[in-house]
Amino acid sequence: MDLSTVGGVVEALVATYAAGLEHHIRWQRRKWQENHYQTRSEGNPGGGNICALSTSMSFSGRKIKEAFDGGVDILGDGFATGDDPCRESMQNDLERLQERVYALRRAARAEDRPLQLFEAVCVSESVRLSCLAALANQYKRVAVGRLVPRILPGSYQRSRLSATVPEESAAKPVDDEDAAKGDAAQGTQLSSRTATSIVSPYLQPDPPSPPPTPKFIPDDLQSTCTSATSGYGPRPKNSVFSIFCPEALKLQVNPRKTMPKRHDCRCGYDWTGEHTRDKTATTAKEGFQITPRFLGKSHCEGGFGCVLCTSSGRTETYANVHDLRDHINISHDKWQLLHDRDMAGRLSS
């Protein structure tokens, strides 16, 4: 395989995971036959039982391929070719995985060779997490300046087996400010860790994260409240909803609340302006129609916020309806649009 591109390395990783799974199943089948020789029959050859290693092997290859395909779908061939930091990191991960799969191959062929199952699970999980982090960081570098989702879809999904990997080994995508200096350090740290640093072999679900501790900022210039605008007074800005106009929030909180009868909002927004009747600007993908009420509950100072993004804890400000529509088309699927009652269904043809 051509390992000079990220796409080639991903193909090699998927093939290596598949080979490891095959060797493990062969080893399982032989052990089953050795331990159940009295009940063995042609209809019950044994082997292929679900265990931590087989689950990790089958899950990891699939998730890496899904994350890579998602990046290619959004960014095209440039993402498939990749850059040096991502390719080098994933090549190191491939070497680690191939070493462990080779050990599985020898154990499957030898009569009494021990199989280090726990070490194999740890390598499989840490390689998957490292590869997903490398793809996510490359996505952030390639996506700079483009109107695309900020985070690579599917790039940070952990299986329950990830509890066997130390938290510091579970590489996560870094923020934009730390992307440049974090990639190199992250690759060095991941390649130096081994399964001997594992603390507990028990499979446990991820514990819930504690809420962040509020910080007291005495400086008035860094106040935690927005400035008073349009007579509403200062409002807390520690929530994603702080960007929206209070009248827009009323429409969000109460789905049964009708649009105000007056022409303008107290902040100056025109509830029934020309922008609400522009069919080109208000027609989203799959034939969905952005209704005036959707725009009304989305308006904020400087344009519109995306109410579909609020569940993620953050949203950007879009200057006009065209920009909001383009964002919705790129960042949200039709199932999210179907669940918003203010997003009209398909237009009649």
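Attention in this report is confined to the structure presented alongside it. (Residues numbered from 1 in each chain as written. Predicted model: local features only at pLDDT ≥ 70, side-chain atom pairs only at ≥ 80, totals over all residues. Heavy atoms only, no water.)

### Examining the packing of aromatic side chains
Per the stated rule, a full pass over the model turns up four aromatic pairs. Aromatic side chains phenylalanine 68 and phenylalanine 79 sit 6.1 Å apart centroid to centroid with 35° between the ring planes, which places their arrangement in the tilted category. With phenylalanine 68 in helix H2 (residues 52–75) and phenylalanine 79 in helix H3 (residues 77–81), this residue pair connects regions lying eleven residues apart in the sequence. Comparing phenylalanine 68 with phenylalanine 79, the two get one shared label, buried. Aromatic ring contacts, followed pair by pair, group Phe68, Phe79 and Tyr139 into a single cluster. (Phe/Tyr/Trp six-rings, centres within 6.5 Å; stacked < 30°, edge-to-face > 60°. Helix = DSSP H or I, 4+ residues; strand = E, 2+ residues; numbered from the N terminus. Buried < 20%, exposed > 50% of the residue type's maximum accessible area, 1.4 Å probe, protein only.)

### Some words on the side chain of arginine 325
Within the secondary structure layout, arginine 325 lies in helix H10 (residues 321–331). By relative accessible area, which is 14% here, arginine 325 ends up buried.

### So, the environment of methionine 259
Tracing the sequence through the fold places methionine 259 in the loop between helix H7 (246–253) and helix H8 (279–282). A residue is classified by how much of its surface remains accessible, and methionine 259, at 23% relative accessible area, is partly exposed. Sequence spacing of methionine 259 and glycine 296 is 37 residues, and the spatial spacing of their C-alpha atoms is 7.8 Å. Ignoring any residue separated from it by four or fewer positions in sequence, one finds methionine 259 in contact with Leu251, Trp271, Pro292 and Arg293. (Contact = heavy atoms within 4.5 Å.)

### Digging into the packing of helix H4 (residues 84–109) against helix H5 (residues 117–142)
Where H4 meets H5, the axes come as close as 9 Å, and the angle between the chain directions of the two elements is 170°. Considered as vectors, H4 and H5 are oriented roughly antiparallel to each other. Here H4 runs over H5; the crossing is left-handed. Within the contact between the two elements, H4 uses Pro85, Cys86, Ser89, Met90, Asp93, Arg96, Leu97 and Arg100 and H5 uses Glu119, Ala120, Val123, Ser126, Val127, Ser130, Cys131, Ala134, Leu135, Gln138 and Arg141. Here the residues of the contact of H4 with H5 are counted per class, giving ten nonpolar, four polar and five charged. (Axes fitted to C-alpha atoms, helices over the stretch in contact; angles between N-to-C directions. Parallel < 35°, antiparallel > 145°, perpendicular 65-115°, else oblique. Left-handed = near helix turned anticlockwise from the far one by under 90°. Nonpolar A, V, L, I, M, F, W, Y, C, P; charged D, E, K, R; others polar.)

### Thoughts on the side chain of lysine 297
With respect to the helices, strands and loops of the structure, lysine 297 is situated in helix H9 (residues 292–298). By relative accessible area, which is 8% here, lysine 297 ends up buried. Aside from chain neighbours lying at most four places away, what touches lysine 297 is Phe244, Ala248, Leu251, Gln252, Val307, Asp340 and Asp342.

The values are spatial; any link to function lies outside them.
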